[in-house]
Every structure is written in structure tokens, then in C-alpha cells.
Amino acid sequence: MRNYFPISAAILTLLALPLAACQSNTEAGAATGAAGGALTGAVIGGPVGAVVGGVAGAAVGGALTAEESSRVRTYVVAQRRPTMRVAEEVAIGQPLPPRVRLYPVPQSVGLRNPYSYTIVNDQTVLVDPQTRTVVQVIE
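Criteria and thresholds
- Residues numbered from 1 in each chain as written.
- Predicted model: local features only at pLDDT ≥ 70, side-chain atom pairs only at ≥ 80, totals over all residues.
- Heavy atoms only, no water.
- Helix = DSSP H or I, 4+ residues; strand = E, 2+ residues; numbered from the N terminus.
- Buried < 20%, exposed > 50% of the residue type's maximum accessible area, 1.4 Å probe, protein only.
- Contact = heavy atoms within 4.5 Å.
- Salt bridge = Lys/Arg side-chain N within 4 Å of Asp/Glu carboxyl O.
- Core = buried A, V, L, I, M, F, W, Y, C linked by side-chain atoms within 4.5 Å.
- Pairing = 2+ DSSP bridges.

K.L.:
Would you explain the overall build of the protein in this entry?
P.N.:
The secondary structure content of the protein amounts to three helices and four strands. For the protein, the α and β elements follow one another from N to C terminus as α-α-α-β-β-β-β. Looking at the protein as a whole, 37% of its 139 residues are labelled buried. Considering only contacts within the protein whose residues lie at least 6 apart along the sequence, 58% involve residues at least 24 apart.

Structure representation (C-alpha cells):
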């Protein structure tokens, strides 16, 4: 008999990440992401799904702490970059179009990971510079 647990866990993780990414409250961060991911995982995959979904949700929900978000916001406001208009929906976990210009967040801002940012449709967006994927919307 085959063991389908690793395949099921991988599929569940892929399903839980986009749903957990909808958690954009920076103050709640990893806790909110974990709760949302666990709930989604439980619905889709039962008890094992709850565990996998909770871990995935915590990873996605914890992009920045509240303090890091504040430092990024302060830095971005001082830079006065123009906003780009795009027709596509700007959502966490989705890549930005190639025409959107990204600006690096310098190390002096003090983030744990190297990110870029841009202003899209009047929203400050934190982006993974290698994949152009939206990591967080800074409010």
C-alpha cells in the first residue's frame, strides 16, 4: 500500500498558502496567518491539514512585524516615489506586472529579508525582488 501523506501535505500546503496570504494585518502577523492557515487546512485536509496549514499560514502571515512596517512606511514616504496604475488586482502572493518599477529597501531600514517596494494604485507594496511577488501591502 502506498503512503500518500507527503503528496497530500504538499498539495495542502500549496492550497493553504494563497488563502493564508489574505491575512494582511501586520499587527497580528504570524498568529493571524497561522490561525487562518490552520482553519483552511482543517477544512481541506482534517487534523493533518490543520497542522500543515497552520505552519504555512504563519510563514506567510509574518512577513513584517509592526515595527518593521512602520520603518518601511517612514522610509517610503520620505522617498516620494510616483504611483503606478495597473488594471490587475494587487494581492499578496501575486506577481506584479513587469512594467511596474521596483525600488530596493536599503539595509539601513533594518528588515530581516531583502525586499523591494513600489507604489501601485496609491498603495505601498512590499515585494520579493527575485520573483516580483507581493509580500505585503503596507497601510
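K.L.:
Honestly, unusual backbone geometry in this entry has me stumped. Any pointers?
P.N.:
Across the chain, the bulk of peptide bonds are trans and the bulk of non-glycine residues have phi less than zero. Phi is positive for Arg 80, which is not a glycine, with a value near 55°. Structurally, Arg 80 is set in the loop between helix 3 (66-79) and strand 1 (103-104). Residue classification places Arg 80 among the exposed positions, given a relative accessible area of 73%. Unusually for a residue other than glycine, Arg 132 sits at a positive phi of about 65°. Structurally, the position occupied by Arg 132 is in the loop between strand 3 (123-128) and strand 4 (133-138).

K.L.:
Would you take a moment to explain the pattern of salt bridges for this structure?
P.N.:
A side chain with one charge can pair with a side chain of the opposite charge if their charged atoms come near. Enumeration according to the criterion identifies four salt bridges in this entry. Salt-bridge contacts for Arg 112 lead to Glu 68; the nearest nitrogen and oxygen are separated by 3.1 Å. Of this pair, Arg 112 sits in the loop between strand 1 and strand 2 (116-120) while Glu 68 sits in helix 3; the two residues are 44 residues apart in sequence, bridging distant segments of the chain. Relative accessible area serves as the criterion here: at 4%, Glu 68 is assigned to the buried category. Two residues, Glu 88 and Arg 99, come together in a salt bridge whose shortest N-O distance is 3.3 Å. Remark: Arg 99 occurs in the loop between helix 3 and strand 1 and Glu 88 occurs in the loop between helix 3 and strand 1; sequence separation between them is eleven residues. You can call Arg 99 partly exposed: its relative accessible area is 48%.

K.L.:
Please explain the nonpolar core as it appears in this structure.
P.N.:
Soluble globular proteins tend to bury their nonpolar side chains together. Residues Leu 64, Val 72, Val 105, Leu 111 and Tyr 115 are the most contacted members of the largest nonpolar core, which totals 14 residues. Those residues in contact with Tyr 115 that sit more than four places away from it in its chain are Ala 63, Leu 64, Pro 104, Val 105, Leu 126, Val 127, Asp 128, Pro 129 and Val 135. Ile 92, Val 100, Val 125 and Val 127 belong to the second largest nonpolar core, which has eleven residues in total.

K.L.:
Looking at this model, I keep getting lost on the pairing of strand 2. Mind explaining?
P.N.:
Burial analysis of strand 2 places five of its five residues in the buried class, which makes it a mostly covered element. Of the two faces of strand 2, the one lined by Ser 116, Thr 118 and Val 120 and the one lined by Tyr 117 and Ile 119 are each fully buried. In the sheet, strand 1 pairs with strand 2 via two bridges, with the strands oriented antiparallel. Of the residues in strand 2, the one forming a bridge with Tyr 103 is Tyr 117. With five bridges joining them, strand 2 and strand 3 adopt antiparallel strand pairing. Each bridged residue has a counterpart across the sheet, and for Val 120 the counterpart in strand 3 is Gln 123.

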